[in-house]
Amino acid sequence: MSYLLHIDSSSLGTGSVSRTVADTARAAWGGPVVHRDLAASPVPHLSAAGITARVTDRNQHTPEQAQAIAVQDELIEEFLGAGAYLFTVPMYNYTMPSVFKAWLDQIMVVDRTLNFGAEGPAAAGRPAILVSARGGGYGPGTPNHGKDFVVPALETILGDPHCLGLDLRTITPELTLAPVNPALAALIPLHEASLAGAHEQARFHVRKFTELHSV
Ligand SMILES: Cc1cc2nc3c(=O)[nH]c(=O)nc-3n(C[C@H](O)[C@H](O)[C@H](O)COP(=O)(O)O)c2cc1C
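Here goes a summary of the coordinates provided.

Thresholds applied
- Residues numbered from 1 in each chain as written.
- Predicted model: local features only at pLDDT ≥ 70, side-chain atom pairs only at ≥ 80, totals over all residues.
- Helix = DSSP H or I, 4+ residues; strand = E, 2+ residues; numbered from the N terminus.
- Rg over C-alpha atoms; globule rule 2.2 N^0.38 Å.
- Buried ≥ 20, exposed ≤ 12 C-beta atoms within 10 Å, placed from the backbone.
- Contact = placed C-beta atoms within 7 Å.
- Pairing = 2+ DSSP bridges.
- Axes fitted to C-alpha atoms, helices over the stretch in contact; angles between N-to-C directions.

Below, the discussion takes up the overall build of the protein chain. When its secondary structure is counted, the protein chain shows 6 helices and 5 strands. Across the protein chain, helices and strands are ordered from the amino to the carboxyl terminus as β-α-β-α-α-β-α-β-α-β-α. Its C-alpha atoms give the protein chain a radius of gyration of 18 Å, within 12% of the compact-globule value 17 Å for 215 residues. Summarising its shape, the C-alpha atoms of the protein chain cover approximately 60 × 35 × 30 Å along the three principal directions. When the 215 residues of the protein chain are sorted by exposure, 36% land in the buried category. A separation threshold of at least 6 residues defines the contact pool for the protein chain, and within that pool the share at least 24 residues apart is 73%.

Next up on the list: the environment of L187. Within the secondary structure, L187 sits in the loop between β5 (167–171) and α6 (188–212). Along the backbone, L187 and S41 are 146 residues apart, and their C-alpha atoms lie at a distance of 34 Å. Once you skip the residues sitting within four places of it in the chain, L187 turns out to touch L175 and A178.

Another point: the sheet that holds β5. As summarised here, the arrangement of the 5 strands in space is β2-β1-β3-β4-β5, forming an open sheet in which the pairing is parallel. Sheet topology places β2 (33–37) and β5 at the edges, where each strand pairs with a single neighbour. Across the sheet, the mean angle from the axis of one strand to that of its neighbour is 15°, orientation sign disregarded. Note that strand β1 (residues 3–8) and strand β3 (residues 82–88) share 6 bridges and pair parallel. Bridge assignment links Y3 to a residue of β3, and that residue is A82. On the sheet, helix α1 (residues 17–29) packs against β1, β2, β3, β4 (127–131) and β5 and is oriented at approximately 155° with respect to β3.

In structure tokens:
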């Protein structure tokens, strides 16, 4: 059985809602896991050396390019070695935490993880779960509707066949600030329902994935 690659990006540890939902998915998975905590150990931002190294013969690399490509190689090999994925990417300032964006910039490489030809991306169709907790509510009819720039972006980047092409399921525990912000206290029951649903979805998706895919 290949491993589940579990990538965390919430700056919070035990206080993170996304991480607790991921724990539920992990418990349902039961197989081998490789865990990378981007908050505890951020990867470097993509540098000029990292970009130019991709289009330069490896024998011609400067020391900076060799160092930058080694970072990409390690992260890409870890990504491609997985049979399934679990990402925790909370909403920070309407978008994703910068540590997750830095990781994406390192691994999104044409002819390695991306392929624009008939072949499709290297990890196409592999099962993946995205858990994205958010302090507010973003559903239809709420004042924030249309202001979620995390999930739509990641559903494209992770799930679109012109990007990573994973078989992605998204879980969004909402209103996580309701229990800590007195102004949102009336929304606590909605938050609790959303959180209970998120844990249930985590169990459901892992069960489905292990039934449908040989992971
Ligand atoms: C730096 C930062 C920015 C945030 N920005 C937003 C935001 O734009 N919209 C929102 O609804 N919640 C926002 N929040 C609240 C988080 O989305 C919420 O606390 C969520 O539960 C964080 O995920 P986690 O519990 O997995 O750490 C922000 C929190 C932090 C720390």
